[in-house]
Structure formats: structure tokens, C-alpha cells
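# A look at the structure
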Amino acid sequence: MMTGIPPITPMMPGLGIVPPPIPPDMPVVKEIIHCKSCTLFPPNPNLPPPATRERPPGCKTVFVGGLPENGTEQIIVEVFEQCGEIIAIRKSKKNFCHIRFAEEYMVDKALYLSGYRIRLGSSTDKKDTGRLHVDFAQARDDLYEWECKQRMLAREERHRRRMEEERLRPPSPPPVVHYSDHECSIVAEKLKDDSKFSEAVQTLLTWIERGEVNRRSANHFYSMIQSANSHVRRLVNEKAAHEKEMEEAKEKFKQALSGILIQFEQIVAVYHSASKQKAWDHFTKAQRKNISVWCKQAEEMRNIHNDELMGIRREEEMEMSDDEIEETTETKETEES
């Protein structure tokens, strides 16, 4: 709220509470503003509010018309410095001026004074009175600052988006060193190490694709290819070990599933026994309903587990039949040979 300008919705005296909001169709009652060298009288509340132009982007400058002929720059500062810090005043000889404020929100405070009648001192001379008209003004400085601010925000947004993309981008692979006898010996040693084999074989592949193989280096490359070939047996053994682990895990899962299925069968048998006439008649209606619901749920879960177990067994039978077909084919080929 501006210093010296009364609030539009003042506090209710003696109560210390804010009055209810003013309806939009109800005119705002403005009060007299006393300054050091002049007095501002409010406009008629029944009159429509003063018209204003469209607000330019980043507007910090206002046009003030209807100044008294005898009004000086000091009077203008005295009236409008209550709205905020004034950066510059450009006064014309034709009773108007342009005022540039430090911030955009100060323009809205200045527009509050539009329509006020100003009187210098207690004089009634026509040259000492006027009716203020405050409006938005188009200023190159405001537009330039606004455009600079928009460009800065756009740069920040681009930087933020680029940082986000870089954060989500997978890391680039390390560059492959150039071929030399020294690097060749290092890669050859790495090819013999299981933990460094993947990195070394990628380097070997890159060198071959680059065309590093020639008459002088052919023997070195052959020995490295031979080292790579020696890992084939290791990989086959690893695959066999993992397959064995998978088979053991399958067998363990099948046994656990069979145990679960047996317990489901026992629970369903309990529900069926409780549903027989000699026991069923002794339960209440609510208890019978619960037993029926539980029995239905248990049967559904039992059927799901049973289907899963049967699916595993069918897969095993299919695998066994495939093995038999392969053995028969091999036998025929042997006989034919």
C-alpha cells in the first residue's frame, strides 16, 4: 500500500478485522490525499473508471496528463514518489510528463491516481489546478529490459534442459588407443584375464576394423585371436553351469509349488467337510456365507497353482520329447554313415 494514499479497503475502526470484499459492480470510494505542496481530490465514484491503453510488456513508465500549468517537477515527484522509486521524469511544456519507475508493480499504484483533481496549495487559480490522467506508456528502455529478461529466462531454460538431457544420456565409451607393439602386448595380456577380456576383445576388434593388420603385425594379431578363441570353452562351461543352476531352481520351485498345492487341497477339503449337512446346520447364516466365499477363493487359487504346475510338467515333457527326436536323428545319421 502506498504511503500517503489511503487504502481502498481500510480496516474497520475499533474492530480490527478486514471488512468483506467489495462487489465488482460497487464503485470504489477514494479519499482526499494531502501532500506538502498540493492536495488531491478524488473523482466522482459514480463515474466510470478512466480508460487505459493496453499494457505494454515490461511496462515501468506511465504517461501523466492534466497537470496544472504552474506544476513543477518537484510537485510531480512529491505526488508520485509515494508509488515507488522514480528513475526518471521527462516533463513537457504542454502539461504532461512521463515517469519511469524502478519496478513494474509501481505502475499499478500510479494508475490509482488517475482521475484525481490536483490543486496547488490553497489557490483557486485555473493555472494551479488540473485533473490527472495516468496511463501506460510505451518506452524503448522498458521494452529492451523486458526482452533482455526474456532472453535470460530462455537461456536458463535451455541450460536446464541441456543439463537434464546430459544427465539422462548414457556415458560415452572410452576411446580406443592406437595400435603399437607396446599396446599390443598389454591387450594380449588382458585377453588372458577373464575379468578384462570384454574390454580387450573390443580393442582387438577396433584395430582389425581400422586396418592395423599387415605383414609385420599379422603374427601378433594371430596370437591375440588365438587367445580370444581359448575363451570359447570357458564361455560354454559358464553357460552349462548357469543352465544347471536354472534347472535346480526350476526343480526347487516345482517342489515348493507341489507342497503349496497339497496344502490348498487340504484347506479345500476342510471347507467341503464343513459344507456337509451334519456340520452345516450348526453354523449361522453369516458364518455359512463366509465359509462359501472362502471355499470359492481357495478353489480358484488352487486351480491357478495347479495349472501352473501342469504347465511346467508339459514343458518338461516337450523338452524330453525333443531330446528323443534329436537322439533318433543322430542314430539314423550314424547308421546311414
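Residues numbered from 1 in each chain as written. Predicted model: local features only at pLDDT ≥ 70, side-chain atom pairs only at ≥ 80, totals over all residues. Heavy atoms only, no water.

Taken as a whole and assessed by the stated rule, the structure comprises one cavity of 30 Å³ or more. Put simply, the largest cavity is a space of about 30 Å³. Along the walls of the largest cavity sit Leu 67, Pro 68, Gly 71, Thr 72, Ile 75, Ile 76 and Lys 91, which together make up its complete lining. Classifying every residue of the lining of the largest cavity by side-chain character gives four nonpolar, two polar and one charged. (1 Å grid on protein atoms, 1.4 Å probe; cavity = no way out; pocket = protein on both sides within 12 Å on 5 of 7 lines; lining within 4 Å. Points joined across faces, edges and corners; volume = space filled by probe spheres on them. Nonpolar A, V, L, I, M, F, W, Y, C, P; charged D, E, K, R; others polar.)

Our next topic: the UniProt feature "coiled-coil region" (unreviewed entry) in the protein chain. Annotation from UniProt places "coiled-coil region" (unreviewed entry) at residues 225–259. Structurally, residues 225–259 is divided into 97% helix and 0% strand, and its ends, taken at the C-alpha atoms, are 52 Å apart. (UniProt positions renumbered as here; feature names shortened; annotations may be inferred. Helix = DSSP H or I, 4+ residues; strand = E, 2+ residues; numbered from the N terminus.)

Next up on the list: a negative patch on the surface. There is a patch of like negative charges on the surface, built from Glu 245, Glu 247, Glu 248, Glu 315 and Glu 319. Counting residues per element, the ones that place at least two in the negative patch are α7 (231–274) and α9 (285–336). For the negative patch, the element with the highest residue contribution is α7, accounting for three residues. The residue Glu 248 is located in helix α7 in this model. Residue Glu 248 is classed as partly exposed on the basis of its relative accessible area of 48%. (Patch = residues over 30% accessible without salt bridge, like charges linked within 9 Å, V, L, I, M, F, W, Y side chains within 5 Å. Areas by Shrake-Rupley, 256 points an atom, 1.4 Å probe, with all protein chains shown as cover. Salt bridge = Lys/Arg side-chain N within 4 Å of Asp/Glu carboxyl O. Lys, Arg positive; Asp, Glu negative; His and termini not counted. Charge placed at Lys NZ, Arg CZ, Asp CG, Glu CD. Buried < 20%, exposed > 50% of the residue type's maximum accessible area, 1.4 Å probe, protein only.)

This paragraph deals with the packing of aromatic side chains. Taken as a whole, this structure holds five aromatic pairs when the rule is applied. Their ring planes at 40° and their centres at 5.5 Å tell us that Phe 63 and Phe 96 sit as a pair that is tilted. Taken together, the positions of Phe 63 in strand β3 (residues 61–65) and Phe 96 in strand β5 (residues 96–101) put the pair 33 residues apart, joining distant regions of the chain. The class of Phe 96 is partly exposed, set by a relative accessible area of 25%. With a centroid separation of 6.5 Å and an interplanar angle of 80°, the aromatic rings of Trp 207 and Phe 221 are classed as edge-to-face. Here the residue Trp 207 occupies a position in helix α5 (residues 197–210), and Phe 221 occupies one in helix α6 (residues 218–229), the gap between them amounting to 14 residues. With respect to burial, Trp 207 and Phe 221 carry one shared label: buried. (Phe/Tyr/Trp six-rings, centres within 6.5 Å; stacked < 30°, edge-to-face > 60°.)

Note: strands within a sheet are paired through backbone hydrogen bonds, in either parallel or antiparallel orientation. Strand order in the open sheet formed by four strands is β1-β2-β6-β7, and the pairing between neighbours is antiparallel. Across the chains shown, the open sheet's two edge strands, defined by having one partner strand only, are β1 (33–34) and β7 (129–131). The pairing of β1 with strand β2 (residues 38–41) spans two bridges and is classified as antiparallel. Bridged to His 34 within β2 is Thr 39. Helix α1 (residues 73–80) rests against β2 and β6 (117–120) of the sheet, and its axis sits at about 50° to β2. (Pairing = 2+ DSSP bridges. Contact = heavy atoms within 4.5 Å. Axes fitted to C-alpha atoms, helices over the stretch in contact; angles between N-to-C directions.)

This next bit is on a positive patch on the surface. Residues Arg 151, Arg 155, Arg 158 and Arg 162 make up a contiguous surface patch of positive charge. With respect to the helices and strands, the residue Arg 162 is situated in helix α3 (residues 140–168).

Turning our eyes to something else, we now look at the pairing of strand β4 (residues 86–91). Side-chain positions along a regular strand alternate between the two faces of the sheet. Here five bridges tie β4 to β5, and the two strands are oriented antiparallel to one another. Bridge pairing in β5 links Arg 90 to His 98. Here β4 hands over to β5 after four residues, with Asn 95 in that stretch at a positive phi of 65°.

Our focus in this paragraph is the side chain of Lys 254. Position of Lys 254 relative to the elements: it lies in helix α7. If we skip the residues at most four places from it in the chain, Lys 254 touches Leu 309, Ile 312 and Glu 316.

So, about the pairing of β3. By the criterion of burial, β3 is predominantly enclosed, with four of the five residues buried. Relative to β5, β3 runs antiparallel, the two being bridged by five bridges. Bridge pairing links Gly 65 to Phe 96 in β5. With four bridges joining them, β3 and strand β8 (residues 133–136) adopt antiparallel strand pairing. Opposite Val 64, over in β8, you have Val 134 as the bridge partner.

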